[in-house]
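These are the residues of each chain, in order.
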Amino acid sequence: MANIKYPIVDVHTHVYLPRYAAELRARTSAPRILNWTNGSKTEERLLILDGEPSAGRPVGPQYWDRDEKLEFMQKHGINISFVSSANPWLDFLPAARAQTLAQELNNDLEEYCATSPAVEAFSGLKSLYGFGLLPLVPEVEVSTIIQTVEQLKSLPHIRGVIMGTKGIGKGLDDNALDPMWDAIQAAGLVVFIHPHYGVDSTLYGENNNGHVLPLALGFPFETTIAITRLILSGVLDRFPDLRLLLAHSGGALPQLSSRLASCIHHDPIVAKRLKHDARYYLGQLYFDAVAYGSEELTFVSRTISRASEFQSGGGTVEAKVGSTRLLFGTDHPFFPPLEASQKWPSVEDNLAAIRGMAGVDSKIEHHANILGLNALRLFDLHDQ
Ligand code: 5CU
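Each chain has its residues counted from 1, following the order in which its sequence is written. With pLDDT at 70 or above as the cut-off, local features in this predicted model cover only qualifying residues; side-chain atom pairs require 80 or more to be listed or tallied, and sums for whole chains, interfaces and linings still use all residues. In computing side-chain properties, one takes all heavy atoms of the structure into account and sets aside hydrogens as well as water.

This paragraph deals with the site of the ligand. Throughout, near means a residue has at least one heavy atom within 4 Å of the molecule or strand. The full set of residues close to the ligand is His14, Ile48, Leu49, Arg57, Asn87, His194, Leu215, Phe219, Asp331, Phe334 and Phe335. Polar contact is defined as a pair of N or O atoms within 3.5 Å, subject to the rule that within protein one atom must be able to donate a hydrogen and the other to accept it, and that residues adjacent in sequence are counted only when both atoms are side-chain atoms. Asn87 places a side-chain nitrogen or oxygen 2.7 Å from a nitrogen atom of the ligand. Here Asp331 contributes a side-chain N or O atom positioned 3.2 Å from an oxygen atom of the ligand. Here the open area of atoms and residues is found with the Shrake-Rupley method and a 1.4 Å probe, where only the protein chains shown may cover a residue. Here the ligand has 280 Å² of accessible area as a free molecule, and 97% of this is covered by the chains. Under the grouping applied here, Gly and all other residues not named as nonpolar or charged are polar, the nonpolar ones being Ala, Val, Leu, Ile, Met, Phe, Trp, Tyr, Cys and Pro and the charged ones Asp, Glu, Lys and Arg. Of the residues in the shell around the ligand, the class split is 6 nonpolar, 3 polar and 2 charged.

This part takes up the packing of aromatic side chains. When the centres of two rings from Phe, Tyr and Trp lie within 6.5 Å, Trp using its six-membered ring, the rings pair. Their planes under 30 degrees apart give stacked, over 60 give edge-to-face, and anything left gives tilted. Counted under the stated rule, the structure contains 12 aromatic pairs. Plain terms: the ring middles of Tyr16 and Tyr20 are 5.2 Å apart, the flat faces sit at 10 degrees to each other, and that makes the pair stacked. Between Phe131 and Phe192, the ring centres sit 5.3 Å apart and the planes meet at 40 degrees, which makes this aromatic pair tilted. Of the two residues, Phe131 sits in strand β6 (residues 128-132) while Phe192 sits in strand β8 (residues 190-193), which places them 61 residues apart along the sequence. In this structure, Phe131 and Phe192 share a single accessibility class: buried. Site record: aromatic cluster; members linked through ring pairs are Tyr16, Tyr20, Tyr63, Phe92 and Phe334. Above the ring of Phe122, the side-chain terminus of Lys5 is found at 4.7 Å from the ring centroid. In this analysis the charged atom, NZ for Lys or CZ for Arg, is taken to sit over a ring once it is within 6 Å of the ring centre and within 35 degrees of the ring normal. If you follow Arg325 out to its NZ or CZ, it ends over the ring of Tyr286, 4.4 Å from the centre. Helix numbers and strand numbers start at the N terminus; a helix is a DSSP run of H or I with at least 4 residues, a strand a run of E with at least 2. Only protein chains enter the accessibility calculation, which uses a 1.4 Å probe; a residue whose area is less than 20% of its type maximum is buried, one above 50% is exposed, and one in between is partly exposed.

Structure (structure tokens):
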């Protein structure tokens, strides 16, 4: 299958739209954008993570300027990006403000994508599509969330929704969210589940390790817990057509899925609750390929493929799902190069990881799937 024609599609790439950046600038506590003066130089800084130094980190147009996104894509040969708001979304806002801002930002993102250049080699396709936002905050009416799902459905370049792990305050496994899952499933929107809170930075030790523990471990563990809770609560049984895309290759879920299955089996509360073995549900999920290593991606792919062995009646899992459920991502504008460089090492690492996966290296269509075709299928985009 050499010479396959396929686009490179980035499903994990973020933006702080100008309206959102303005919201952060108006704040006096995290999350916020502040002016930081160092000697004679004043620059804007971003403060979003728990425990981040009070001066935050440099922030600039790479976070909000669409031209910078397009330039980054061109530099790395990326044809299409599915852009999502970066964390912490609307989590910190009161319900009324979250509701208004969600609708406004969704319209802004539609405009951002709708007016993006067409992809030359793939007629009918734009270079930018988006994941919208829902007002997922405590005290919001679920009917308001459903209205926002309806809004997203009406925006042609918005193909999904990004959300964190808190739901409306009680996590994603909160039964009160069932009408939301139902509406999202009916709308055919893809849900991108992304972490923000990590785990307590003082857990099991006190040394200062900068952002390493929260980003390398806290983020993926948060995703692992959130998706495990969804599985345990039966959401994937009740909404089998829900399409969930997990950040950072699903965190530790692939690695821990057999252990999870065993723990469920031995637990009197949960043992009879689920329709399937826990490992089955991996075949129902999508995983970004933001893992930085071939061995890890190979493992994730094999673990997803194995899901078909755990069918217990009802529902079908494709026989070889592994490479059709992994999707290339960059995490732009996070993880920028430390020195001026033509290409971003973080992106090059993720591309090399895909190209170096065991068992797929000689099969060009597997690369094509992970680098772009899986995304076209997942988001229902067709070259004309
Ligand atoms: O570097 C970071 O803090 C982050 C973040 O906050 N969100 C993300 O998606 N990637 C990296």
